[in-house]
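# Examination of the molecular architecture
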Amino acid sequence: MIRSLLTERDGTESCAACLRIGLTPPASEPLEVDHKQPISLGGDNHWTNLQILCRYHNRSRGNRPVDPRRLPTWLAQLARERRLKAHVAWCEACGHVWSPVSKWLASQVEVLLANESAS
Ligand SMILES: [Zn+2]
């Protein structure tokens, strides 16, 4: 129920941190509800303090803000499984966000895509 509230508020059902860097995680990456301000730092369970994050962003964040210069592990995993190219095509075909916000991130994605094609 809280998930549908957050989906409505944010206009998307995807990871807030991935969207901020211009990516949409694959359906195989679980989505989790995260406390923006952690409980341990005085945050509460009110829906205004909650957001949807992919498992990578939720688990890697701890009590810190999301670091935009760390590559989500699901990206490398998709490439390893040779599914990244298909995922990008799916995003583009379905109108999901796929426009890496920084040159650094775009170049990392390009390398992964090139490796997937070459191997
Ligand atoms: Zn994410």
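Residues numbered from 1 in each chain as written. Predicted model: local features only at pLDDT ≥ 70, side-chain atom pairs only at ≥ 80, totals over all residues.

### Digging into the overall build of the chain
- Per the secondary structure count, the chain includes 6 helices and 2 strands.
- For the chain, the α and β elements follow one another from N to C terminus as α-α-β-β-α-α-α-α.
- A globule of 119 residues ought to have a C-alpha radius of gyration of about 14 Å, and the chain, at 15 Å, matches this closely.
- A principal-axis box enclosing the C-alpha atoms of the chain has dimensions of 50 × 25 × 25 Å.
- Per-residue burial for the chain yields a buried fraction of 23% across its 119 residues. (Helix = DSSP H or I, 4+ residues; strand = E, 2+ residues; numbered from the N terminus. Rg over C-alpha atoms; globule rule 2.2 N^0.38 Å. Buried ≥ 20, exposed ≤ 12 C-beta atoms within 10 Å, placed from the backbone.)

### Regarding the nonpolar core
- Within the largest apolar cluster, 18 residues are counted, with the highest numbers of intra-cluster contacts made by Cys15, Cys18 and Cys54.
- Looking at this core, the elements with two or more residues in it are helix H2 (16–20), strand S2 (50–54) and helix H4 (73–80).
- Beyond its immediate sequence surroundings of up to four residues, Cys18 is in contact with Leu23, Thr24, Pro25, Cys54, His57 and Pro72. (Core = buried A, V, L, I, M, F, W, Y, C linked by C-beta atoms within 7 Å. Contact = placed C-beta atoms within 7 Å.)

### Quick notes on the pairing of S2
- With 4 of 5 residues buried, S2 lies mostly within the body of the structure.
- Relative to S2, strand S1 (residues 31–35) runs antiparallel, the two being bridged by 5 bridges. Residue Glu32 lies in a different strand from S2, and its bridge partner there is Leu53. (Pairing = 2+ DSSP bridges.)

### Structural notes on the environment of Glu8
- In this structure, Glu8 sits in helix H1 (residues 2–10).
- The spacing of Glu8 and Lys103 is 95 residues in sequence and 31 Å in space, taken between C-alpha atoms.

### Let's talk about the environment of Ala118
- When you line up the elements, Ala118 lands in helix H6 (residues 103–118).
- The exposure class of Ala118 is exposed, given the 6 C-beta atoms found within 10 Å.
- Measuring from C-alpha to C-alpha, the distance between Ala118 and Trp47 comes to 45 Å, with 71 residues separating the pair along the chain.

### Quick notes on the confidence of the model for the chain
- Scored by pLDDT, the chain has a mean of 92; 99% of the residues are at 70 or more.
- Here H1 is the element of the chain with the lowest mean pLDDT, 88, and helix H5 (residues 84–94) is the one with the highest, 97. (pLDDT = per-residue confidence, 0-100.)

### Things to note about unusual backbone geometry
- The backbone of Arg82 shows a phi angle near 55 degrees, a positive value even though the residue is not glycine.
- Turning to its location among the elements, Arg82 is positioned in the loop between H4 and H5.

### Notes on the environment of Pro30
- Relative to the helices and strands, Pro30 is located in the loop between H2 and S1.
- For Pro30, a count of 12 C-beta atoms within 10 Å puts it in the exposed group.
- A C-alpha to C-alpha distance of 13 Å links Pro30 and Ala16, two positions 14 residues apart in sequence.

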